[in-house]
Each structure stands twice: as C-alpha cells, then as structure tokens.
Amino acid sequence: QGGLELAEAGGSGGVCINHQVGNAGLDARCEGFVAAMTERGIPGQVLAITADPTESLGILNGFYSASPDTSIFLTLGPSGASVFYQFMAGAALGPGDLEHATFDLSEEITAHIKDGTTLFALDQQPFSQGYGAVQALMLKARYGITPVMPITPTGPGMVNASNIETVEALAGQYR
C-alpha cells in the first residue's frame, strides 16, 4: 500500500532502502514496494544498506550519484529514515525535492512529516496489536466467540500531515 501511495505522488524511479536484507519482514516490504512501482510503470529496486550509519550514508550517496533520476524513496524504519535525512541534508535537498515515506515513527520522522520531507509513515499500530489479542481472548473466554477471520487486521495506519497532530498527542498512550 505504501508503494502505491508513493507511486501516486509520481516519480521517475523508486528505491526501497533495506537496512537488514535477509529479514523476511523487511524483504517483504521491499518486494511489495517494487511490485507497486512495477504496477504503475515506474522502475523500482532495492538498495541494501548496513547497520552502520556512516557506511549506509556512503552507500546511499553512491547510489544517488549513479541514479540521479530516482525520485521515490522508501525506508523501512527509523534507522534507514535517519540515514535518508542525513543524505538529504548533505545533498542540499529539501521538502518536495524527492518523494519519501517510511515505516514506524520516531521524533525525527514526525518532524519530517510535519516539514513535508516525508509524505507518510506506515505505523504498525502496536497498541491495536496488543489490545486486539487481549480482546479476542476475552471474547473467547467469556462468551465462546471466536474471530471469524484467521487474521485480525490492526493496521498499518498511514500517518501523514493530515493526522500527525492527533498521532503525536496519543504517542505513548494509544500508539
């Protein structure tokens, strides 16, 4: 879904920046991104970075030097997003120069959603994940009610400029 939303913003090429290639969950996020780009006729690829921010910044700078037409960037969480923001600052790029989205939230990501650098963050909604499990167990124990679906969706939630103030107010309480 994030890839489709980014594709709607437009661009000439997309890259999913994966800070932990081999992690099945993160690899699946990048696969979905590339599939969404392909569906919209935009070339998409995966860029592997490392856990070392300095090394990762070098990788990202090298990638962008070799692929300056890439304008859509997806990071997979705060560690990749932080490197992306360093790259933007070092390249003297600002809000609107590139399309960026990420997963999860941090103070840094929240600030960049507010300033327009990041279009949105896909929030896993951990409160809903925990609450939903407890609710399902309570319904089963008290009333014998079992969820109909094998999976109870709890998100992701898309956090963007239209709802960042609400999300920020609930941080630490319900998100």
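Residues numbered from 1 in each chain as written. Predicted model: local features only at pLDDT ≥ 70, side-chain atom pairs only at ≥ 80, totals over all residues. Heavy atoms only, no water.

## A short note on the state of the cysteines
As enumerated under the stated definition, the model contains one disulfide in all. Here Cys 16 connects covalently by a disulfide to Cys 30, the sulfurs 2.1 Å from one another. An S-S torsion of about -70 degrees defines the bridge between Cys 16 and Cys 30 as left-handed. Of this pair, Cys 16 sits in strand 1 (residues 14–18) while Cys 30 sits in helix 2 (residues 24–39), placing them 14 residues apart in sequence. Residue class for Cys 16 comes out buried when judged on its relative accessible area of 0%. Judged by relative accessible area, Cys 30 falls into the buried class, the value being 1%. (Disulfide = S-S within 2.5 Å. Helix = DSSP H or I, 4+ residues; strand = E, 2+ residues; numbered from the N terminus. Buried < 20%, exposed > 50% of the residue type's maximum accessible area, 1.4 Å probe, protein only.)

## Some details on the environment of Ile 113
You can see Ile 113 is positioned in helix 5 (residues 107–114). Relative accessible area serves as the criterion here: at 2%, Ile 113 is assigned to the buried category. C-alpha of Ile 113 to C-alpha of Ala 161: the two residues are 48 residues apart in sequence and 6.1 Å apart in space. Beyond its immediate sequence surroundings of up to four residues, Ile 113 is in contact with Leu 105, Thr 118, Phe 120, Ala 121, Val 159, Asn 160, Ala 161 and Ile 164. (Contact = heavy atoms within 4.5 Å.)

## A word on the nonpolar core
The biggest cluster of nonpolar side chains holds 22 residues, and the ones touching the most others in it are Ile 17, Leu 47, Leu 60, Phe 73, Phe 84, Phe 87 and Leu 98. Among the elements of the structure, strand 1, helix 3 (53–66), helix 4 (78–90), helix 5 and helix 7 (164–170) are those that each provide at least two residues to this core. The leading source of residues in this core is helix 4, at six residues. The contacts of Leu 60, once residues within four sequence positions are left out, are Ile 17, Leu 47, Phe 73, Val 83, Phe 84 and Phe 87. Leu 6, Leu 26, Leu 74 and Leu 122 belong to the second largest nonpolar core, which has 15 residues in total. (Core = buried A, V, L, I, M, F, W, Y, C linked by side-chain atoms within 4.5 Å.)

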